[in-house]
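Descriptive structure summary
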Amino acid sequence: MNKEKFLRLLSEKFSGTINADKLRSFDRAVAGNGEYGRLYSRLWPYLGSRRHVQPRKAQLDRVWEQIEMAEKQEFSGKYDYSQPRSLRAGLLMLSKIAAILFLSGAVCFFGYTYLHSNAARLPERVAAGNETVACTLDDGTRVWLNRNSVIRFNDAFGKNRREISLEGEAYFDVVHSQRIPLVVHAGSIDIEVKGTAFNVSSYGNSAPVQVALIRGSVKVTHTKGVRAAVLLKPNEKLVASGGRGQSVFSVSALKPEVLLREIGWTADTLVFHKEKLRDLAVRLEKKYGVEIQIRSEELKEKRFSGTITTETIQQVLEALKVSYPLTYTVRNRLVIIDALQ
Amino acid sequence: MPEKNKKIVLLFREIQSGNKTAFDELFGLYYDRLVCFAKHYTRQAESAEDITSELFVRIWLMRTRLSAIMQPEVYLYISIKNACFNLSRANRKRTAVLSPQPVEDSFDPPANDRANHMEDKELQRILDLAVGALPAQRRLIFRLVKEEGFKSAEVASVLGISIRTVENQLYKAIKVLAESATAYLGYNPQARVARKQVPSGLSFFLI
């Protein structure tokens, strides 16, 4: 038996498709040929070893929690596969569109008192004035605050609890923590998350609260009246309207393009005019969430002008390189800029 | 493994009649494996876990119709694969704005994580590396057989490829592993004694 034939039989034995005849000749080859025998005795234990399956109690509990929620809320649209999908999906979509049209027209009322009572418990505060602000909270969660928006959050953020209250619009990229869920209070709803990215807009009493989920999953509950809970999946947007104990949730699936527009403001335009590289670097660090080191003192004082909207950090660096002789290296989230020798 | 299949058919039947313990058992048997499988596509632990959890939620919610599923195990894997494809389709457009996720190659189980029959840790490490270096599809096929105990036909229907392809890929994977093992044994002092006994084999090793 040549080696190819031997390996073919070994592979068939491995996948369990070998027949009795072949198995016999395989066994003969293993017993009769020293090399094959040795190879088999070394490889077979490896092929037969399985990974241990870990017990996942926490995840199982979470699945039961989701099931319970889905069953209780009749929020079964996305889990209901009992009907042929084509017609149903169309109708569902229509009703969703109708709901959005209706709700977005509706003006709603928000529990300001609720926000104010929260303010006392949440001492830390970040506010955005005329430009958007990107900040990283103590636990590593990144928040982009849109213009004229304010967040408040508890001190020692991430130690024992993570609570944020929001007025205005913000995009959250939450660091995963199974132990300490993060809660965002916005208007009349609470959004509970473990680790996701999502956008919330909650402009006082002028518009309904909107939550658009990018990835992961979030649980949205009403703080007043009926304690309705809804579980959002990626690419879904929830619009909560109504006050005085009345609550209406509507959930719609979003196309990624639309979603992009939803969070487009986070990639806000960065305009700089004759700005020193040392100052520009700070703004770039914020915008792209990177650390920038400038190795040359002389280079730090050089001035640049430009506008950055949707460019990647790579493109920005490339553009800087074109306008001034410099070199850069990117290592993970660390950017090192140096003068060209 | 027929007894394994019999087990899952039994569990599905129990779940259909509303047995929560059976559901817990199914979860225990498959959650980890399915997450691993999903990670092969999503390359991200978080979404792999979400996709898998969602599948289990769906199984419970549609439990009354579980009997319509002919091959429960294959069904689980195909569902995960489809969910991963849907997610990546949805993801493709927005990756431009969001910062790229770090790629976790945690599909490779840590070495101490396995039921250990391997006495030769070094050989095991070398074989793990060789498996890790296989082309993605071949690695996936190999692992479905090795870790999940799938037959070629099952792998074929999960991945939507022909049985012949599966078998060819498996053969190629085995061939690479055999080469790594022989190369290792060739350098291993313990194997030197054995090598002298079969000098004819030596020339074969070096080819």
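Residues numbered from 1 in each chain as written. Chains lettered and ligands numbered in written order. Predicted model: local features only at pLDDT ≥ 70, side-chain atom pairs only at ≥ 80, totals over all residues. Heavy atoms only, no water.

Chain A is annotated in an unreviewed UniProt entry as Iron dicitrate transport regulator FecR of Pedobacter yulinensis.

1. Observations regarding the overall build of chain B
Where we set the bar: Here a helix means four or more residues in a row that DSSP labels H or I, a strand means two or more in a row labelled E, and each is numbered from the N terminus. A 1.4 Å probe rolled over the protein chains alone gives each residue an accessible area, and that area as a share of the maximum for its type sets the label: buried under 20%, exposed over 50%, partly exposed in between. Only heavy atoms enter the contact rule, under which two residues are in contact if any of them lie within 4.5 Å. Surface accessibility in these figures is a Shrake-Rupley result with a 1.4 Å probe; residues are shielded only by whichever protein chains are displayed.
When helices and strands are tallied, chain B shows ten helices and zero strands. Walking chain B from its N terminus toward its C terminus, one meets helices and strands in the order α-α-α-α-α-α-α-α-α-α. Counting the 207 residues in chain B, one finds 50% classified as buried. Taking as baseline every contact in chain B between residues at least 6 positions apart, the subset at least 24 positions apart corresponds to 65%. With the model as given, the accessible surface of chain B reaches about 10,100 Å², and the carbon-plus-sulfur share is 57%.

2. Observations concerning the packing of aromatic side chains
Quick reminder of the rule: Centres within 6.5 Å make a pair out of two Phe, Tyr or Trp rings, where for Trp the six-membered ring is used; the pair is then stacked when the planes are under 30 degrees apart, edge-to-face when over 60, and tilted otherwise. Only Lys NZ and Arg CZ are tested; either one counts as a charge over a ring when it is within 6 Å of the ring centre and within 35 degrees of the ring normal.
Tallied over the entire structure, the rule returns 19 aromatic pairs over all chains. Plain terms: the ring middles of F6(A) and F26(A) are 5.4 Å apart, the flat faces sit at 10 degrees to each other, and that makes the pair stacked. Placement of the pair is F6(A) in helix α1 (residues 3-15) and F26(A) in helix α2 (residues 20-32), with a sequence separation of 20 residues. Taking the relative accessible area as the measure of exposure, F26(A) reaches 0% and is therefore buried. Each member of the aromatic cluster is reached from another via a ring pair, and the members are W64(A), F23(B), F27(B), Y31(B), F56(B) and W60(B). A cation sits over an aromatic face here: K13(A) above W44(A), 5.0 Å from the ring centre. Of note, K146(B) hangs over the ring of Y46(A), and the distance from its end group to the ring centre comes to 5.0 Å.

3. Side note on the pattern of salt bridges
What counts here: Salt bridges, as used here, are contacts in which a Lys or Arg side-chain nitrogen is within 4 Å of a carboxyl oxygen on Asp or Glu.
Under the counting rule described, the total for this entry stands at 19 salt bridges over all chains. One salt-bridge network, held together by shared partners, links E65(A), E192(A) and K219(A).

4. Re the nonpolar core
Stated precisely, the cut-off is as follows: Nonpolar cores are built from buried Ala, Val, Leu, Ile, Met, Phe, Trp, Tyr and Cys residues. Side-chain atoms within 4.5 Å join them into one set.
The biggest cluster of nonpolar side chains holds 74 residues, and the ones touching the most others in it are F23(B), L26(B), F56(B), L76(B), Y77(B), F142(B) and L177(B). For Y77(B), the contacting residues outside a window of four places in its chain are Y30(B), R33(B), L34(B), F37(B), L144(B), E148(B), F150(B) and V158(B). With 33 residues, the next largest nonpolar core counts F153(A), L182(A), I189(A) and V218(A) among its residues.

5. Here's the deal with the packing of α1(A) against helix α3 (residues 34-48) of chain A
Residue and element names in this part refer to chain A. Our working rule: Every axis in this analysis is a line fitted to C-alpha atoms, fitted for helices over the stretch in contact. Angles between the N-to-C directions lie between 0 and 180 degrees. Under this scheme an angle from 65 to 115 degrees is roughly perpendicular, one under 35 degrees roughly parallel, and one over 145 degrees roughly antiparallel; angles in between are oblique. Left-handed describes a crossing in which the near helix is turned anticlockwise from the far one by less than a right angle; the clockwise case is right-handed. By the convention adopted, Pro, Cys, Tyr, Trp, Phe, Met, Ile, Leu, Val and Ala count as nonpolar, Lys, Arg, Asp and Glu as charged, and the other residues, Gly among them, as polar.
Interhelical geometry of α1 versus α3 gives an angle of 25 degrees and a closest axis separation of 12 Å. Judged by the inter-axis angle, α1 sits roughly parallel to α3. Viewed along their axes, α1 and α3 form a crossing whose handedness is right-handed. Contact with α1, carried on its side by K3, F6, L10, K13 and F14, involves E35, Y36, L39, Y40, L43, W44 and L47 of α3 and no other residues of that element. Here the contact of α1 with α3 is built from residues that sort into nine nonpolar, no polar and three charged.

6. Brief notes about the sheet that holds strand β15 (residues 291-294) of chain A
Residue and element names in this part refer to chain A. Where we set the bar: Two strands make a pair as long as DSSP finds a minimum of two bridges between them.
Across the sheet, which stays open at both edges, the three strands sit in the order β15-β18-β17 with mixed pairing between neighbours. Here the strands that pair on one side only, and so sit at the sheet edges, are β15 and β17 (326-331). Between one strand and the next, the sheet's axes are offset by a mean angle of 20 degrees, whatever the strand orientation. Pairing analysis gives four bridges linking β15 to strand β18 (residues 334-339), with the strands arranged parallel. Across the sheet, Q293 pairs through a bridge with I336, a residue of β18. Its contacts with the sheet put helix α8 (residues 277-288) on β15 and β18, and the angle it makes with β15 is roughly 165 degrees. The strands touched by helix α10 (residues 313-323) within the sheet are β17 and β18, with β17 carrying the most contacts at an inclination of about 165 degrees.

7. Description of the environment of R331(A)
Mapping R331(A) onto the fold places it in strand β17. Distance from R331(A) to E291(A), taken between C-alpha atoms, is 9.8 Å for residues 40 residues apart in sequence.

8. Some thoughts on the pairing of β18(A)
Bridge count for β17(A) against β18(A) is six bridges, and the pairing is antiparallel. Considered in β18(A), the bridge of T327(A) is made with D338(A).

9. Looking at the pairing of strand β9 (residues 209-215) of chain A
Residue and element names in this part refer to chain A. With six of its seven residues buried, β9 lies for the most part within the structure. Pairing geometry for strand β8 (residues 197-202) and β9, over five bridges, is antiparallel. Note on β9: the bridge partner recorded for A197 is R215.

10. A look at the confidence of the model for chain A
What counts here: For every residue, the pLDDT score states the predictor's confidence, bounded by 0 at the bottom and 100 at the top.
Taken over all residues, the pLDDT of chain A has a mean of 74, while the share at 70 or more is 74%. Throughout residues 98-120 of chain A the model reports pLDDT below 50, and contacts reaching past four residues in sequence, or to other chains, amount to 38 contacts.

11. What about the environment of P234(A)?
Residues and elements named next belong to chain A. Residue placement: P234 occurs in the loop between β11 (229-232) and β12 (236-241). For the pair P234 and A212, spaced 22 residues apart in the sequence, the C-alpha separation amounts to 8.2 Å. Aside from chain neighbours lying at most four places away, what touches P234 is L213, I214, R215 and G216.

12. Focus on the packing of helix α2 (residues 20-42) of chain B against helix α6 (residues 136-148) of chain B
Residue and element names in this part refer to chain B. At a minimum axis distance of 11 Å, the contact between α2 and α6 shows a crossing angle of 175 degrees. Relative to α6, the element α2 is oriented roughly antiparallel. In this structure, α2 uses R33, F37, H40 and Y41 to contact α6, whose residues at the interface are A136, R139, L140, L144, E147 and E148. Class assignment for the residues of the contact of α2 with α6 results in five nonpolar, one polar and four charged.

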